[in-house]
Structures are given as C-alpha cells and as structure tokens.
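As a plain string of letters, each chain reads:
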Amino acid sequence: MMTSVYSKDYFNKGKNASEDSKLRFESYQLIWQQMKSETERLQEELNKNLFDSLIEFLQTSHSGLRKNSNDWSCQIKLREIPTAALVLGVNVTDHDLTLRSLTEVLQNNVTPYVVSLQAKDCPDMKHFLQKLVSQLMDCKVDVHSKEKESDRVTQKNVHYSMDCLSAWYMSVTQKADPTMLRKRRTSSWQGQAPPVVLILKDMESFATKVLQDFIIISSQHLHEFPLILIFGIATSPVVIHRLLPHAVSSLLCIELFQSLSCKDHLTTVLDKLLLTTQFPFKLSEKVLQTLTNIFLYHDFSIQNFIKGLQLSLLEHFYSQPLSVLCCNLPEAKRRIRFLSANQCENIRRLPSFRRYVEKQSSEKQVALLTSDKSLKEETQSLLENLHVYHAKYFLVLRCLHHFTSSLPKYPLGRQIRELYCMCLEKNIWDSEEYASVLQLLRLLAKDELMVMLQNCLKVFQSSSAKELGNTAKKIEEFLAQFQSLDETKEEAEASQSQSRGLQKTDLYHLQKSLLEMKELRSTSKKQTRFEVLREQVVSFVDSLAREYLLPPDTQPLHEALYFSSALALRQHLNAAPRVALHTALNNPYHYLKNEALKSEEGCIPNVAPDICIAYKLHLECSRLINLVDWSEAFATVVTAAEKMDANSVTSEERNEIIHARFIRAVSELELLGFIKPTKQKTDHVARLTWGGC
C-alpha cells in the first residue's frame, strides 16, 4: 500500500505535473493491469501444450516404475530413472517463471513432492542431498500436524543419505491420508504412492561429479524411492552426454521436450498487446525497434521485453499531459468534455493538430484556435477517427503479411513485427522492397494466391469491424472467380495451336517459323483469364495498403496514444555504468536532489559524501597520487566551513575521524576501480581512469 502511495506522489511531483496527474496515474495502472493479465493468460496458454506433455510423461513413467514383472527388459527398465530433458532456450531470465509455473501445475495435478534445485546451492553431494531433503520435508503433504512437527524436529539431526531419504519417503506416504492422496492422483496410478519430481533448473551449471554420483545412487534406490528428473537446459540436449559418461547416461530414460521459440513468443506477445484495438496505448517505430533490438541482440527475454513495455507505458503517462485521453473511446469522449483550458492549449500545440488545422477553412481555423467548445467537439471526432484508423490498420496489416510472409527472401520480413516497423516508419509503398513484393506476387500460381486470399478472408471475418465488410466480399468474389477458371482448357488450346504451327520441315524453315512465332507472341500476346485475375488481386492488395497503411504520425492527435521518446527509453534500459558512476561521484545532486549539494563548476562542497570529495580531488592529480597530499586536501575541504582549535583535544579526535573517513573513501575508490596500489613510489597510488568518464 505504501509503495502505491509513494509512486503516486512521485508521479504528481514530476516536471510535467498538471491538474489531472492523478487521473493519468490511475489510467496507467488500469491499462497496465489489463496488459499484465493478458500476458499471464497468454503465458499459460503458450505453456499448456508443453505442460500437458510433461504431465503425461510423468504419469506414464511412474506407472511403469510400479509395474511388477519378471521380464528381463522390464527389470532393466526399472533401473532407469525417467528423465525429461526440457529445452527452454537461451533466455535464462525467463526460466525461473516457467519452472515456477511448472512446479505449481505438477503439485496440483501429479504429486505434492516437487523439488527445484540450482547449481549454486549444490557445490557437492552433501549440499545436494541437504537441499533435496529440506525441500522435500517442506512440501505440502497431507498428514496430521503432529507428524509434520515431528518431521521438522528430526530434520535438524537427520543424516543426509539416500537410505534415510527412502525411509522417510516410505514413512510419509504410509502415514498420509489415503482420501487426500487420492485427490492428488490421477487414474494412471490409483492406489500408488506419488512420485518425487526433481527439477534441476540450470543443468549445465551443475558439477559433473555431483550429477554422476546422484544418478548412480538414485538408480539403486528407484524401487523404494520413485524419482523422476527434469533437466532445465538452456543450450542443447547434447550437454547431457557431454556432462555424463555413457555408463551414467544409460541409467536415464530420457525424453526430449522443447518449449516455444523466443521469437515466436515475442510475435505472439506483440500480436496480443500492440497489434490490437483492445489496448489504446501504442509504440512508435523507434521505440518498438529499441525494444526488439534489446530482445534480439541482448537476452531474448520476454519478461524483460514486457518490463520495457511497462516502462514505456509509465513514461508516456508521466511525460505526456494529453495521455489522459489514452483510454477506451467512450471514456475518452467523456474526459474531453471536462478538459481544462490548459489542456485545450496543449491540444492546440500538438504538431499533428496544427497540421490538421492548417488544412481547414479559415472560419474553422478561427473556431478551433479560439473556441474551447469547438475544439472539444472536433477532438472527439478526431479521436474517434483515430480508433477507427487502428481497427482498419491492423486488419490490412495482417492481410498484407499473409501475402508477403511466404515470398522468396522475405522482402518485407518474415515476422509481422518487421512489416509493422516498416509501416510505422514511412509509406510502405514508397520502398524498393514493396515494389519487389508486387513483382513477386505477379509470378504466383493460382493455388498459392488462393491460399493467401483464404487467409485474408479469415482475418476480415474474425473481426467485428464493419468498416471493411466490402473488402471481405471482394475477396470472396476473387476466390469464386479463381475456382471457376478452366486453365487446363486454355493450355490445351494453346498447345494445339502451337502444334499446328510446327509442321515437319527442314532446319532452315523450322528456325524461320520459330522466329516468326516468337515475334508474333511478343507483339500481340493476349493475357489469359488467370493472368488478368491475378493482376486484379495484386492491384487490390496494393490499393488496400495505400489507403489504410498510412503511418500513424499522419493522424491528428496520435501523440496522445503513441509513445515516441526512444531516447528516454534507452537511457533507462541501455546501461552506461561508467557514465552513471562518474555523474554520481562528480555531481551527487543529480541523484540525491539535496539543495545543499548544489555547487558551481569546479567547486567541491564540504557537505558532499566523502567518496565524492575524494573522487573530485583525484581528478586533479596526475598518474601517481601522493596519499599524504591527497589526505591533506581532503581534510582541508571537509573542515573548510568549520572553526576548530588546533590545540584542543576535540580537534585531535576530529582529525582522527577525518583520517578514517579518508581511508574509507580511498578504499571505496579502489574497489570501484579508479585507483590501485603501486610500488613505484612509497605512499602513492596509481590512477586508472582518464577523461572524467
């Protein structure tokens, strides 16, 4: 509760604070909660197939472990530990969220005994078993509270070994209430004790000897301690065979599971959050490019991308006073009626609105610039047009993507986000890539064109927007005309005419007749019905793009919905630690906002933090710094505004305190890498940085 109050206060005290700062903050919270809920729902939906496959594997494996058979192959199988190799990809920062969701799903559907271990907590076998036992005993087991308390007491004095772990498991599963256990079990192992699932989050980081020893020991206790392993892998399944020799890997019954690709996940997130009219907030081309570049060239993290999107949303509502209109259309129209005079002036100062006013008649210009009532009425109309523009824009964008995503060399990109960035930046039809797309479309076969048209028809039919109803009817007409084509008959007639023209003759007359026929076809070639229809389809797609894919900056009032400050976003997301460190030490007021720290250029305030004083003094030194001179200069700055008696005891104690403060400041600068000890001169240190930053 305190956090939200502080955030709200900070939001209201910003440099762009206005009378509706509270409303903007509430709008930001509402939109972000809706986006967050959508991303969580999307995450569950994307992981559903993977989790269902894992659950089926665990159920099948556990039922196989409990089978009693004298068959030799079954006996060999019983010594193999069921292992799921879960390839999660290189986006390591997203793994924790995925595995946390997996743990929750397994506990609800498979077994209460689910343990997750990390390599940093298991440097050796002792710590490995200790973590395993402690987490197992903390699992939510359906036993009586007294038994839980006794387990916790004995946990402190337990000897960590697989024998003790097996004995504990047998005692706990026998004590458990059968009716409660039955609720957690599925029909695949009714009447059996639930298995123990061990998740190794970062399998590549585990010590090889620890993994080998644990697998060998566990395989010998598998009949009394039903263990199932899940390896979280970031790179490739080959790492299993690289870490484990054949004698150990042969004790594992491995099945491979692949999570959704990071790029596909990003495309889905963009489709649900940005390429939709559900959320009014949008990103400009530079901002979207910045976020995707960080994703593609830095970490492949969906969670970090969503955090960047949240930061963009927050920065938009914080820095743009007219972001109060960034909400659903009925609410925006209601808010327009209550706009203040200052907000009306903010609208008149928008570059897009000024361009719009310049195109109007002189009478309307005067009304828009002088009358707040006329301005509000026009703003409602323009905002409604902007929402209609988005509805048409995204439909046509998806339609164009269906036509271009399968073309050779992908002139407009393979992913829809690439096409979207191009359309945000400029008129897409003015680019060379668009011209090459039209040329390639004119070479497509009938079957390919029909598939593209059918996909576009699904896009328009799935939308509730009625503005493009005629477009869907036009596509249906094209499909009907393609189906009615009888190309085989035309080709047969053409081949018969060619066969009649090629009569049996000598080589000279044959070459002469072929040249004449070639000249005749080049001068008076008649297009087939299919070629005419294909040209109509290409022209139709071209007209849709030119009419509906205008860049957003051509629309009046787009600034209210679009965040375009890519520079502010880069300052927050693209870390520059050296520059930030120099700024903090050279000008502490920049971060602390304490009026007492304000100083003129080149001056050192004595109230600044000790490390700041020592840092600014060291900037004035050469390569080698004399510690005695540095200490005296530090003491001079610190005591500059104080009047002290040099012969008093208090003064001597103060000098000792100042000397200790200096030693601490120098140690901190050494830790940060600005200086280092040197043996070239006594009582000197070497400076390591130059140029101020």
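Provided above is the structure to which this section pertains.
Residues numbered from 1 in each chain as written. Predicted model: local features only at pLDDT ≥ 70, side-chain atom pairs only at ≥ 80, totals over all residues. Heavy atoms only, no water.

Undergrad: Which parts of the structure should I look at to understand the packing of aromatic side chains?
TA: Any aromatic ring pair is given by two values, namely how distant the centres are and how the planes are angled relative to each other. As enumerated under the stated definition, the model contains 19 aromatic pairs in all. When the ring of Tyr393 is compared with that of Tyr420, the centres are 6.3 Å apart and the planes differ by 70°; the resulting orientation is edge-to-face. Taken together, the residues span a long stretch of sequence, with Tyr393 in helix H19 (residues 372–404) and Tyr420 in helix H20 (residues 416–425) at a distance of 27 residues. Each member of the pair Tyr393 and Tyr420 is classed as buried. Three or more aromatic residues joined by ring pairs form one cluster here, namely Tyr113, Trp168, Tyr169 and Phe225. Over the ring of Tyr589 we find Lys593; its NZ or CZ atom is 5.7 Å from the centre of that ring. (Phe/Tyr/Trp six-rings, centres within 6.5 Å; stacked < 30°, edge-to-face > 60°. Helix = DSSP H or I, 4+ residues; strand = E, 2+ residues; numbered from the N terminus. Buried < 20%, exposed > 50% of the residue type's maximum accessible area, 1.4 Å probe, protein only. Lys NZ or Arg CZ within 6 Å of the ring centre and 35° of its normal.)

Undergrad: Could you clarify how one ought to interpret the sheet that holds strand S8 (residues 624–626) in this entry?
TA: Across a sheet, strands are paired by hydrogen bonds formed along the backbone, either parallel or antiparallel in direction. Within the open sheet, the three strands sit side by side as S8-S10-S9. Their pairing is antiparallel. With one partner strand each, in any of the chains shown, S8 and strand S9 (675–677) form the two edges of the open sheet. With strand direction ignored, the average angle separating the axes of adjacent strands in the sheet is 40°. Note that S9 and strand S10 (residues 684–687) share three bridges and pair antiparallel. In the strand pairing of S10, Pro677 is matched with Val685. Lying over the sheet, helix H31 (residues 627–638) contacts S8, S9 and S10, oriented at roughly 60° with respect to S8. (Pairing = 2+ DSSP bridges. Axes fitted to C-alpha atoms, helices over the stretch in contact; angles between N-to-C directions. Contact = heavy atoms within 4.5 Å.)

Undergrad: Is there a simple way to explain the nonpolar core in this structure?
TA: Here is a general trend for soluble globular proteins: nonpolar side chains tend to be buried in one another's company. Judged by nonpolar contacts, the single largest core of 103 residues is most densely connected at Phe353, Leu397 and Phe403. Top contributing element to this core by residue count: H19, with 13 residues. Both domains that furnish three or more residues to this core are identified here as domain 1 (18–137 + 194–260) and domain 2 (265–484 + 528–563). Residues in contact with Leu397, not counting those within four places in the same chain, are Leu275, Ile416, Leu419, Tyr420, Cys423 and Leu549. In this structure, Ala85, Phe128, Leu132 and Leu252 belong to the second largest nonpolar core, which totals 42 residues. (Core = buried A, V, L, I, M, F, W, Y, C linked by side-chain atoms within 4.5 Å. Domains from an automatic or database assignment.)

Undergrad: Even after reading the chapter, I still don't get the packing of helix H16 (residues 341–349) against H19, so can you show me in this structure?
TA: Remark: H16 packs on H19, axes separated minimally by 11 Å, with the N-to-C direction vectors making an angle of 60°. In this view, H16 runs oblique relative to H19, as classed from their interaxial angle. Crossing geometry of H16 relative to H19 is assigned as left-handed. Between H16 and H19, the contacting residues are Ala341, Cys344, Ile347 and Arg348 on the first element and Asp372, Leu375, Lys376 and Thr379 on the second. For the contact of H16 with H19, the residue count by class is four nonpolar, one polar and three charged. (Parallel < 35°, antiparallel > 145°, perpendicular 65-115°, else oblique. Left-handed = near helix turned anticlockwise from the far one by under 90°. Nonpolar A, V, L, I, M, F, W, Y, C, P; charged D, E, K, R; others polar.)

Undergrad: Would you mind going over the pairing of strand S4 (residues 227–233) with me for this structure?
TA: Side chains on a regular strand alternate between the two faces of the sheet. Within S4, seven of the seven residues are buried, which leaves the element mostly enclosed by the surrounding structure. By the alternation rule, side chains of S4 split into Leu227, Leu229, Phe231 and Ile233 and Ile228, Ile230 and Gly232, which are all buried. Pairing analysis gives five bridges linking strand S1 (residues 81–87) to S4, with the strands arranged parallel. In the sheet register, Ala85 faces S4, and the bridge partner there is Phe231. In this sheet, S4 lies alongside strand S3 (residues 196–200) in parallel orientation, the contact comprising five bridges. Paired with Leu198 across the strands is Leu229, a residue of S4. The handedness of the S3 to S4 crossover, carried by helix H9 (residues 208–220), is right-handed. (Right-handed = clockwise from strand over helix to strand, strands pointing away.)

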